[in-house]
Amino acid sequence: MIEDVEKLIQETKPAAKVAKSEGERYAMDWNDYHDHDTLNEFIEALADANDFASIIPIGQSYEGREMKVLAITKAGPGAPNIWLEAGIHAREWIAPAVATFIVRELVEDYAEHPEYLDKINWYFIPSANPDGYAYSWEHDRLWRKTRSDHGSILGCKGVDPNRNWGFHFAETGVSFDKCSEVYCGPEAFSEVEMKNIRDFVLTLDPVPVLGWCFHSYSQLWLWPYGYDYGAYPENYKEIQQLAIDASDALYEVHGTVFDPINSADLYPAAGASDDWYKSIGMRFVFTTELRDTGRYGFVLPKDQIIPSGEEMWAGFKTVVDKVLEDVK
């Protein structure tokens, strides 16, 4: 348990925003956490440096921040697609940090695993809840939700964006109290950010073979469905086995234990993005709950970003190798 959260928040505050140095394409690094604009600058720099990559603007957030997707389409039309989503919960800073670590490895270390880009197209959003993320930087480090206004008489803002998706919406694990952390919103896809992501993902053809959601914390490798106990997809056995194999590979790097379990076994929660991704036909869908198990919780020290990225890359490779088996 964290005894003094405020003290920890002050101790782990990111350094002042750095401008990129002469000769560097981006200011992003993995020695610290970075804000929404730096995350976007990072994916823009990758797109600028590689003719097989591009930025797809998918709309704006409630407060007008740009939502951008990095498309890595070296494999070309008809190849399998993979969708990566990070940052849907504002306070989970390690999620975009680790997801960008993985995407950097994917693109800049291409020579180590050329088939990952030659045979698969990738789409990545580093900041799925930009207003909430900005609020967690500027006002409340532990803010979780979006920042929309749904007319709360108490002035409470925001919706839990991972309870706002239109698959078994509002059935379990949500609240209709606008001040609750798990307020699901007045209706499915009430949040413009979730609409933007939904509308973009539905344009992907073929339907992605893999959807991946980066969250924290708990060190879990979750597989669908999460809306109720015992609600498993038809191919749950292969998804479950892949979660086990990936967790084993992750463990080999730093000895970090991730528990591969069904999402509802953590707690049933309807309206999550991973359930929706599975419902539209994605073969594999995972939510990885990153470090730690509660000592620091959401306020994970920055010196854990790189080890978290290193171990997650090992698990990630296991999953991508499985996808590639069926391409050959």
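Rules used in this analysis
Residues numbered from 1 in each chain as written. Predicted model: local features only at pLDDT ≥ 70, side-chain atom pairs only at ≥ 80, totals over all residues. Heavy atoms only, no water. Helix = DSSP H or I, 4+ residues; strand = E, 2+ residues; numbered from the N terminus. Rg over C-alpha atoms; globule rule 2.2 N^0.38 Å. Buried < 20%, exposed > 50% of the residue type's maximum accessible area, 1.4 Å probe, protein only. Contact = heavy atoms within 4.5 Å. Areas by Shrake-Rupley, 256 points an atom, 1.4 Å probe, with all protein chains shown as cover. Lys, Arg positive; Asp, Glu negative; His and termini not counted. Charge placed at Lys NZ, Arg CZ, Asp CG, Glu CD. Axes fitted to C-alpha atoms, helices over the stretch in contact; angles between N-to-C directions. Parallel < 35°, antiparallel > 145°, perpendicular 65-115°, else oblique. Left-handed = near helix turned anticlockwise from the far one by under 90°. Nonpolar A, V, L, I, M, F, W, Y, C, P; charged D, E, K, R; others polar. Pairing = 2+ DSSP bridges. Disulfide = S-S within 2.5 Å. Salt bridge = Lys/Arg side-chain N within 4 Å of Asp/Glu carboxyl O. Phe/Tyr/Trp six-rings, centres within 6.5 Å; stacked < 30°, edge-to-face > 60°. Lys NZ or Arg CZ within 6 Å of the ring centre and 35° of its normal.

Q: Would you explain the overall build of the chain in this entry?
A: Scanning the chain for helices and strands turns up ten helices and eight strands. For 328 residues, the compact-globule formula gives about 20 Å, and the C-alpha radius of gyration of the chain, at 18 Å, lands near that figure. Across the 328 residues of the chain, 58% fall into the buried class. Within the chain, contacts between residues separated by at least 24 positions form 75% of all contacts whose residues are at least 6 apart in sequence. Accessible area for the chain stands at about 13,300 Å²; split by element, carbon and sulfur atoms hold 48% of it. Treating the 29 positive side-chain charges of the chain as one cloud and the 55 negative ones as another, the clouds have centres 2 Å apart.

Q: Before we go on, may I ask you to explain the packing of helix H3 (residues 94-108) against helix H10 (residues 305-325) in this structure?
A: How two helices pack is summed up by the angle between their axes together with the distance between the axes. Following both chains from N to C, one finds H3 and H10 inclined at 60 degrees, their axes separated by 9 Å at the closest point. Overall, the two elements H3 and H10 adopt an arrangement that is oblique. As H3 packs across H10, the resulting crossing turns out to be right-handed. Of the residues in H10, those in contact with Ile-94, Ala-97, Val-98, Phe-101, Ile-102, Glu-105 and Leu-106 of H3 are Ile-305, Ile-306, Ser-308, Gly-309, Glu-310, Met-312, Trp-313 and Phe-316. Per-class residue counts for the contact of H3 with H10 are eleven nonpolar, two polar and two charged.

Q: Where do I start with the pairing of strand S3 (residues 81-86) in this structure?
A: For a regular strand, side chains alternate in direction, first toward one face of the sheet and then toward the other. The element S3 is largely enclosed, with a buried count of six among its six residues. Across the two faces of S3 the burial is the same, with Asn-81, Trp-83 and Glu-85 and Ile-82, Leu-84 and Ala-86 all buried. Where S3 and strand S4 (residues 121-125) come together, five bridges link them in parallel fashion. From the neighbouring strand, Leu-84 faces S4, where its bridge partner is Phe-124. When S3 meets strand S5 (residues 210-216), the two strands line up parallel, connected through five bridges. Residue Leu-84 lies in a different strand from S5, and its bridge partner there is Trp-212.

Q: Before we go on, may I ask you to explain the environment of Thr-288 in this structure?
A: Examined against the element boundaries, Thr-288 turns out to sit in strand S8 (residues 284-290). Residues Thr-288 and Gly-309 lie 21 residues apart in sequence; the distance between their C-alpha atoms is 12 Å. Ignoring sequence-local partners within four residues, the contact set of Thr-288 consists of Trp-212, Cys-213, Phe-214, His-215, Leu-220, Trp-221 and Met-312.

Q: What is the right way to read the state of the cysteines from this model?
A: Put plainly, two cysteines are in a disulfide when a covalent bond ties their sulfur atoms together. For the coordinates displayed, the defined rule picks out one disulfide. Bridging Cys-156 to Cys-179, the disulfide has an S-S length of 2.0 Å. The S-S bond linking Cys-156 to Cys-179 shows a torsion near 90 degrees; that makes this disulfide right-handed. Taken together, the positions of Cys-156 in the loop between helix H5 (130-138) and helix H6 (192-201) and Cys-179 in the loop between H5 and H6 put the pair 23 residues apart, joining distant regions of the chain. When its relative accessible area of 22% is taken as the criterion, Cys-156 is described as partly exposed. Free of any disulfide, Cys-184 has its nearest neighbouring cysteine sulfur in Cys-179, separated by 14 Å.

Q: Sorry if this is basic, but what is going on with the pattern of salt bridges here?
A: As enumerated under the stated definition, the model contains 17 salt bridges in all. When the shortest N-O distance is used, the salt bridge between Arg-283 and Asp-326 registers 2.6 Å. On the criterion of sequence distance, the pair formed by Arg-283 in the loop between helix H9 (273-279) and S8 and Asp-326 in the segment after H10 is long-range, its members being 43 residues apart. By relative accessible area, Asp-326 is classed as partly exposed at 44%. Counted as one network, the salt bridges with shared partners bring together Arg-25, Arg-104, Glu-105, Glu-108 and Asp-109.

Q: Honestly, the packing of aromatic side chains in this entry has me stumped. Any pointers?
A: The geometry of an aromatic ring pair is captured by the separation of the ring centres together with the interplanar angle, meaning the angle of the planes. Applying the stated criterion across every chain, the model contains 32 aromatic pairs. With centroids separated by 6.4 Å and ring planes inclined at 85 degrees, the aromatic side chains of Trp-30 and Phe-101 adopt a geometry described as edge-to-face. Linking Trp-30 in the loop between helix H1 (5-11) and helix H2 (36-49) with Phe-101 in helix H3, this pair joins segments that are 71 residues apart in sequence. Residue classification places Phe-101 among the buried residues on the basis of a relative accessible area of 13%. Consider the rings of Tyr-133 and Trp-137, whose centres lie 6.0 Å apart with planes at 65 degrees: the pair is edge-to-face. Of this pair, Tyr-133 and Trp-137 both sit in helix H5, four residues apart, roughly one helical turn. Overall, the relative accessible area of 3% leaves Tyr-133 in the buried class. Note on Trp-137: relative accessible area 25%, which makes it partly exposed. Three or more aromatic residues link up through ring pairs in this structure, and these residues are Tyr-116, Trp-122, Trp-212, Phe-214, Trp-221, Phe-258, Phe-286, Trp-313 and Phe-316. One cation-aromatic arrangement involves Arg-141 over Trp-93; the distance from NZ or CZ to the ring centre is 3.6 Å. The ring centre of Tyr-135 lies 3.6 Å from the NZ or CZ of Arg-147, which sits over that ring.

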